[in-house]
Amino acid sequence: MNRCRISIFASGNGSNAENIVNYFKDHHAINVALIVSNRSNAGVIQRAQKLKVPHLVSSRDELNSPRFRLLLEQQNIDIIILAGFLLKIPTYLITAFAHRIINIHPSLLPKYGGKGMYGNNVHKSVLSNKETQSGITIHMVNEHYDEGKILFQKSCKVRVDDEVSDLAERINQLEYQYFPKIIEDYINST
């Protein structure tokens, strides 16, 4: 049986990417075959090097070029995981990888989703609106930011004395705990 080959797309420091790589490191049916970033100075590139995972940096123009899909096909990529990737996925790639692109979002969608809503921007909005709950949403990617089919949500309490960093830490812990398992469950169910 061929192993399912994952490509992780990330724009930031890559802690979720590293967690996913480590989760699937000795997996019999799934492996992380490629890490893609749109930023050459992103921490995820250094993590990929340390973890000995092939990686590449692709600009917005390169991502939007149909040649990019060919590159993924040459690497035999089966599924794309967005782990803090800040560029919008082009329609041609969503079509080519229909039902095979999964994203994680640091709120309970549909709240605090959409363009510009990522990372601390989400946490600041949650706190300024005095929400009592936040959490994570793992969902499929479609043509609209954060509107794909929801696969999983997990909530956590928002405390009255929370700073952005406090809430971010609790959200990160939920991401680390659940994201790899939901990816695995999804792959096993398809």
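See above for the structure.
Predicted, not measured: the structure shown is a model, and the values here were computed from it.

Q: Break down the overall build of the protein for me, citing the residues and quoting the values.
A: Each helix and strand in the protein was counted, giving seven helices and seven strands. Order of helices (α) and strands (β) in the protein, N terminus to C terminus: β-α-β-α-β-α-α-β-α-β-α-β-β-α. The C-alpha radius of gyration of the protein comes to 16 Å, within 12% of the 16 Å expected for a compact globule of 190 residues. Overall, the C-alpha framework of the protein stretches about 50 × 35 × 35 Å when taken along its three principal axes. Each of the 190 residues in the protein was classed as buried or not, and the buried ones make up 49%. Within the protein, residue pairs in contact and separated by at least 24 positions form 66% of the contacts whose partners lie at least 6 positions apart. Counting only carbon and sulfur atoms, one obtains 48% of the accessible surface of the protein, whose full area is about 9800 Å². Distance from the positive charge centre (22 side chains) to the negative charge centre (18 side chains) of the protein: 2 Å.

Q: Which residues make up a negative patch on the surface, and what values go with them?
A: A cluster of acidic residues, Asp161, Glu163, Asp166 and Glu169, forms a negative patch at the surface. Among the structural elements, Glu169 can be located in helix 7 (residues 164-189). A relative accessible area of 42% places Glu169 in the partly exposed class.

Q: Could you give an account of the packing of helix 1 (residues 15-23) against helix 7, with specific residues and numbers?
A: Interaxial distance between helix 1 and helix 7 falls to 10 Å at its minimum, and their mutual angle equals 50°. If you check the angle between helix 1 and helix 7, you find them oblique. In this structure, the crossing between helix 1 and helix 7 has a hand that is right-handed. When helix 1 is examined against helix 7, the residues Ser15, Asn16, Asn19, Ile20 and Tyr23 are found in contact with a partner set consisting of Glu175, Tyr176, Phe179, Pro180, Lys181, Ile183 and Glu184. Of the residues assigned to the contact of helix 1 with helix 7, the class counts are six nonpolar, three polar and three charged.

Q: Can you lay out the pairing of strand 6 (residues 133-140) for me, pointing to particular residues and giving the numbers?
A: Counting buried positions along strand 6 yields seven of eight residues, so the element is predominantly enclosed. Alignment of strand 5 (residues 101-105) against strand 6, held across four bridges, turns out to be antiparallel. By the bridge assignment, His105 is partnered in strand 6 with Thr137. Alignment of strand 6 against strand 7 (residues 150-157), held across seven bridges, turns out to be antiparallel. Looking at the pairing, Ser134 lines up with Cys156 of strand 7.

Q: Tell me about the environment of Ser128, residues and numbers included.
A: Its place among the elements puts Ser128 in helix 6 (residues 119-128). For Ser128, the side chain forms a polar contact with the main-chain oxygen of Ser125, separated by 3.2 Å.

Calculation notes
- Residues numbered from 1 in each chain as written.
- Predicted model: local features only at pLDDT ≥ 70, side-chain atom pairs only at ≥ 80, totals over all residues.
- Heavy atoms only, no water.
- Helix = DSSP H or I, 4+ residues; strand = E, 2+ residues; numbered from the N terminus.
- Rg over C-alpha atoms; globule rule 2.2 N^0.38 Å.
- Buried < 20%, exposed > 50% of the residue type's maximum accessible area, 1.4 Å probe, protein only.
- Contact = heavy atoms within 4.5 Å.
- Areas by Shrake-Rupley, 256 points an atom, 1.4 Å probe, with all protein chains shown as cover.
- Lys, Arg positive; Asp, Glu negative; His and termini not counted.
- Charge placed at Lys NZ, Arg CZ, Asp CG, Glu CD.
- Patch = residues over 30% accessible without salt bridge, like charges linked within 9 Å, V, L, I, M, F, W, Y side chains within 5 Å.
- Salt bridge = Lys/Arg side-chain N within 4 Å of Asp/Glu carboxyl O.
- Axes fitted to C-alpha atoms, helices over the stretch in contact; angles between N-to-C directions.
- Parallel < 35°, antiparallel > 145°, perpendicular 65-115°, else oblique.
- Left-handed = near helix turned anticlockwise from the far one by under 90°.
- Nonpolar A, V, L, I, M, F, W, Y, C, P; charged D, E, K, R; others polar.
- Pairing = 2+ DSSP bridges.
- Polar contact = N/O pair within 3.5 Å; in protein donor to acceptor, adjacent residues only side chain to side chain.

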